[in-house]
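Architecture and fold: a report
In case you want the letters, here they are:
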Amino acid sequence: MSKIFTPTNQIRLTNVAVVRLKKAGKRFELACYKNKVLSWRNNVEKDIDEVLQTHTVFTNVSKGQAAKKEELIKAFGKTDETEICREILSKGELQVSEKERHSVMDTQMNSIINSVAALCVNPETRRPYPSTIIEKSLKDAHFSIKPNRNTKQQTLDAIKLLKTHMPIERSRMKIRITFAAKKDNGPKLEESIVKMAASVEHEEWIESTLQITIFIDPGNYRAIDDLVRNETKGKGLVELLELKDVLEAEEIF
């Protein structure tokens, strides 16, 4: 009785989401769990085992054909499939049906619109724009979703594009920094802080202690906090006085 022969480089998988990358004239694919690829790209899911059904790199997932070692070396210059999987996850295109594609893009667009509305203000009024205005302005500016870029990256892209079409800027945080320092190194730290500030509201030396209140771009909060902590050996204080319309911006961006 004859036996059915299955090639050693053939693996059968079902119910998968495929991520595809073309490189060195060859197509490479990953078999992923549905709804996990975008979570990975948005840094929500950090465990690659929760994203990949297998760490195998395929030339054709639907046929179960695994890539050969020489094909991986030619295209990626290495054979570590987990590292190659990370590259494909980052740069590859998620293969979905037309209906799924529209659903994913609509969800991502809504997330971008809401993020822009939360992170930005009208510089003339210092108040945030309604989401409906952001949505209309993005459409007028012909902003389009790029499937291989995460929501954070595309939110920053959207803000940059909107700046060419309407008055808009990142909302600012108001913080107060207090630290004791000698006159020889205190001014140097003060200068570094001021360079990262959008504006200085108040600064005052009281004996050997500096207290300075500044407005900053949310993206600079962590850098300033690290700077003060490192330069004062943990004795400096950074207080968040006003969040305005910013929602966890220092963690998101």
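Preceding this section is the structure that the text describes.
Residues numbered from 1 in each chain as written. Predicted model: local features only at pLDDT ≥ 70, side-chain atom pairs only at ≥ 80, totals over all residues. Heavy atoms only, no water.

**Let's talk about the packing of aromatic side chains**
The test is simple: For this analysis, a ring pair means two rings from Phe, Tyr or Trp (six-membered ring only for Trp) whose centres lie within 6.5 Å, classed as stacked if their planes differ by under 30 degrees, edge-to-face if by over 60, and tilted for the remaining angles. Strands here are runs of E lasting at least two residues and helices are runs of H or I lasting at least four, both read from the DSSP assignment and numbered beginning at the N terminus. Partly exposed describes any residue whose relative accessible area lies between the buried limit of under 20% and the exposed limit of over 50%, with all areas from a 1.4 Å probe on protein chains only and scaled to the type maximum.
Under the criterion given, the structure shown has two aromatic pairs. Residues Phe-28 and Phe-76 carry aromatic rings whose centres are separated by 5.1 Å and whose planes lie at 65 degrees to one another, so their mutual orientation is edge-to-face. You can see Phe-28 sitting in strand S2 (residues 26-32) and its partner Phe-76 sitting in helix H2 (residues 69-76), a full 48 residues away along the chain. For Phe-76, a relative accessible area of 10% puts it in the buried group. Arranged with centres 6.4 Å apart and planes meeting at 80 degrees, the rings of Phe-179 and Trp-205 form a pair that is edge-to-face. Residue Phe-179 is located in strand S8 (residues 173-180), and its partner Trp-205 is located in strand S9 (residues 199-206); the two are separated by 26 residues in the primary sequence. According to the relative accessible area criterion, Phe-179 is buried, its value standing at 2%. Assessed through its relative accessible area of 27%, Trp-205 is described here as partly exposed.

**Focus on the pattern of salt bridges**
So the rule is basically this: Salt bridges, as used here, are contacts in which a Lys or Arg side-chain nitrogen is within 4 Å of a carboxyl oxygen on Asp or Glu.
Taken as a whole and assessed by the stated rule, the structure comprises 17 salt bridges. In this structure, the salt-bridge partner of Arg-86 is Glu-83, at a minimum N-O distance of 3.9 Å. Linking Arg-86 with Glu-83, this pair stays in helix H3 (residues 81-91), spanning three residues, or about one helical turn. Among the residues examined, Arg-86 registers a relative accessible area of 36% and is labelled partly exposed. Taking the relative accessible area as the measure of exposure, Glu-83 reaches 36% and is therefore partly exposed. In this structure, Lys-174 and Glu-201 form a salt bridge, with 3.2 Å as the shortest nitrogen-oxygen distance. Here Lys-174 is found in strand S8, whereas its partner Glu-201 is found in strand S9, with 27 residues between them in sequence.

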